[in-house]
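# Coordinate inspection notes
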Amino acid sequence: MKILGTGSALPKKIVTNDMLSEFLDTSDEWIVPRTGIRSRHIISDEKIEDLGAQAALSALEMSGLKPEDIDYCICSNVVSEYVTPGLSCVIGAKIGLKCPCIDINCACPGFIYALDIAETHYIAGKVRNVLIICAEQPTRMCDWTDRSTCVLFGDGAGAVVLGPGSNVKGIKLHSQLDATKIWERNSLMPTPYYEGDNRAIGLQMNGREVFKFAVKASTSDVEDLLNELGMTKDQVDWYIVHQANYRIIDAIKQYLGEPDGKFPINISDHGNSSSASCTILLDECNKSHMFKEGNTLVFSAFGAGLLSGVAVLEW
Ligand code: ACO
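Here we summarise the structure given alongside this text.

Conventions adopted
- Residues numbered from 1 in each chain as written.
- Predicted model: local features only at pLDDT ≥ 70, side-chain atom pairs only at ≥ 80, totals over all residues.
- Heavy atoms only, no water.
- Helix = DSSP H or I, 4+ residues; strand = E, 2+ residues; numbered from the N terminus.
- Rg over C-alpha atoms; globule rule 2.2 N^0.38 Å.
- Buried < 20%, exposed > 50% of the residue type's maximum accessible area, 1.4 Å probe, protein only.
- Contact = heavy atoms within 4.5 Å.
- Areas by Shrake-Rupley, 256 points an atom, 1.4 Å probe, with all protein chains shown as cover.
- Lys, Arg positive; Asp, Glu negative; His and termini not counted.
- Charge placed at Lys NZ, Arg CZ, Asp CG, Glu CD.
- Polar contact = N/O pair within 3.5 Å; in protein donor to acceptor, adjacent residues only side chain to side chain.
- Expected span 1.5 Å × (residues − 1).
- Pairing = 2+ DSSP bridges.
- Axes fitted to C-alpha atoms, helices over the stretch in contact; angles between N-to-C directions.
- Near = heavy atom within 4 Å.
- Nonpolar A, V, L, I, M, F, W, Y, C, P; charged D, E, K, R; others polar.
- Salt bridge = Lys/Arg side-chain N within 4 Å of Asp/Glu carboxyl O.

### Focus on the overall build of the protein chain
Within the protein chain, the secondary structure is distributed over 10 helices and 13 strands. For 315 residues, the compact-globule estimate of 2.2 N^0.38 gives 20 Å, and the protein chain sits close to it at 19 Å. Projected onto its principal axes, the C-alpha positions of the protein chain cover 50 × 45 × 35 Å. Considering the protein chain as a whole, with its 315 residues, one finds that 55% of them fall into the buried category. Look at the contacts in the protein chain between residues 6 or more apart in sequence, and 76% of them connect residues 24 or more apart. Surface accessibility of the protein chain: about 14,000 Å² in total, with carbon and sulfur atoms responsible for 51%. The distance from the centre of the 28 positive side-chain charges to the centre of the 40 negative ones in the protein chain is 1 Å.

Given below as structure tokens:
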């Protein structure tokens, strides 16, 4: 497939590290050197489905396609207010889609997993135009008394419209399954019969283990896929890496031996917006005319599962 349009939407409320330190035992001096994050956009009176719809309409406008031209919509989302229907259906109804819609929950690498589904359906001849929406609100998953997690996240949505083409050169997905390193538990409706513990538990994370997984998975994913495609790092123009933590991106850069200039960054004023991060960064780079036709883009993302993925695309 080929990327025909990109879009993104962010909540209007911007929260700085100093604003967090008004109610949490934390500081800009602690957060910046460990994460690279200075501020983030946080949902207040918006709904994630409205941000998703705004991002999708913006990507559609750039693509020149109409909602009825889309054959399949994939929404990557970890939490929304809806258990059912899927967020893809909620957003699809808002923007006038007429096609089947599915949700996936692959956490931070969700965009790459969605791209893999889109490309596989395209190669099978089942679709022509696909809309991917990554709409995430990780700030609604955190325990806001836990300074070790809530300072890391921001909310937002990114979208990509894909159409016919052979620009996806390769995709590689990877797992190291372990549900104890990043998890959150929902509260479900009580029944007269269920006897288990039904309390919600906010996001839990073993930061150091996740850090190690992220760096190792991303570097080996990138090197393995480039090798499989018979490509070298010299041929890569841009790395669009999940914006989880500046130090993670910096370590990936060092291991790959690649220069700073190939890694656009927006973590400092966005925080970690889970699967939306790669698509928001992509849209911001695209709108600032950073990519030239024929450029090679490598997407790499990693997160809960533990899952990771990499994709190589020609722009
Ligand atoms: N402000 C001040 N102090 C803090 C804060 C904070 N926000 N958070 C933790 N601390 C304290 C801890 O309580 C601890 O204090 P103690 O030594 O008195 O017990 C101390 O700082 C060190 O805590 P660590 O957790 O060991 O700090 P570390 O250096 O590992 O940094 C961090 C934590 C930034 C989370 C790091 O582990 C990390 O970036 N991990 C990657 C995980 C990640 O990015 N996850 C994002 C979600 S998943 C994904 O997208 C891949």
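What follows picks up the thread again.
### Section: the environment of R147
For R147, the location among the structural elements is in helix α6 (residues 147–150). Through-space distance from the C-alpha of R147 to that of L20 is 9.1 Å; in sequence the pair is 127 residues apart. Not counting chain neighbours up to four residues away, the residues in contact with R147 comprise L24 and D25. A polar side-chain atom of R147 sits 2.9 Å from the main-chain carbonyl oxygen of D25.

### Details of helix α5 (residues 110–123)
Along its 14 residues, α5 runs 20 Å from first to last C-alpha, staying within 8% of the 20 Å computed at 1.5 Å per residue. For α5, the complete set of buried residues consists of G110, F111, I112, Y113, A114, L115, A118, E119 and H121. Just past α5, the residue G125 takes up positive phi, approximately 80°.

### Some points on the pairing of strand β3 (residues 39–42)
On β3, burial covers both faces: S39 and H41 on one face and R40 and I42 on the other are all buried. One ladder, built from 4 bridges, connects strand β2 (residues 13–16) with β3; its direction is antiparallel. Within the sheet, the bridge partner assigned to V15 lies in β3 and is R40.

### Remarks on helix α3 (residues 48–63)
Taking 1.5 Å per residue, 16 residues should reach 22 Å; α3 reaches 23 Å between its end C-alpha atoms and fits that length. Of the residues making up α3, those classed as buried are I48, E49, L51, G52, A53, A55, A56, A59, L60 and S63. Turning to α3, the residues buried within the fold contact β1 (2–9), α4 (87–95), β6 (130–136) and β7 (156–163).

### A word on the sheet that holds β7
Taken together, the 5 strands give an open sheet; going across it, the order is β1-β7-β6-β4-β5, and neighbouring strands pair in mixed fashion. The open sheet has two edge strands with one neighbour each: β1 and β5 (101–104). Going across the sheet, the axis of each strand differs from the next one's by a mean of 15°, ignoring polarity. Where β6 and β7 come together, 7 bridges link them in antiparallel fashion. Directly across from I133, in β7, lies its bridge partner A159. Its contacts with the sheet place α5 against β4 (72–76), β5, β6 and β7, and it is angled at close to 160° to β4.

### Brief notes about the site of the ligand
Around the ligand lies a shell of 22 residues, among which T26, R147, R208, N245 and N272 are the nearest. In this structure, R147 approaches the ligand through a side-chain N or O atom, which is 2.9 Å from an oxygen atom. In the model, an oxygen atom of the ligand is placed 2.4 Å from a nitrogen or oxygen of the N245 side chain. Against a free-state accessible area of 1,000 Å², the protein chains account for coverage of 74% of the ligand. Those elements that provide at least two residues to the shell around the ligand are α2 (28–35), α6, α7 (207–228) and β12 (296–303). Of all the elements, α7 adds the most residues to the shell around the ligand, at 4 residues. Of the residues that constitute the shell around the ligand, the class distribution is 11 nonpolar, 8 polar and 3 charged.

### What to know about the environment of F211
Counting through the fold element by element, F211 comes out in helix α7. For the pair formed by F211 and N105, sequence separation is 106 residues and the distance between their alpha carbons is 21 Å. Discounting residues that sit within four places of it in the chain, F211 has contacts with N245, R247 and I248.

### What to know about the pattern of salt bridges
It is possible for side chains of opposite charge to pair when their charged atoms get near one another. Tallied over the full model, the rule gives 17 salt bridges. Between E314 and K169 there is a salt bridge whose closest N-O contact spans 3.6 Å. Note that E314 is positioned in strand β13 (residues 307–314) and K169 in strand β8 (residues 168–175), a separation of 145 residues in sequence. For E314, a relative accessible area of 32% puts it in the partly exposed group.

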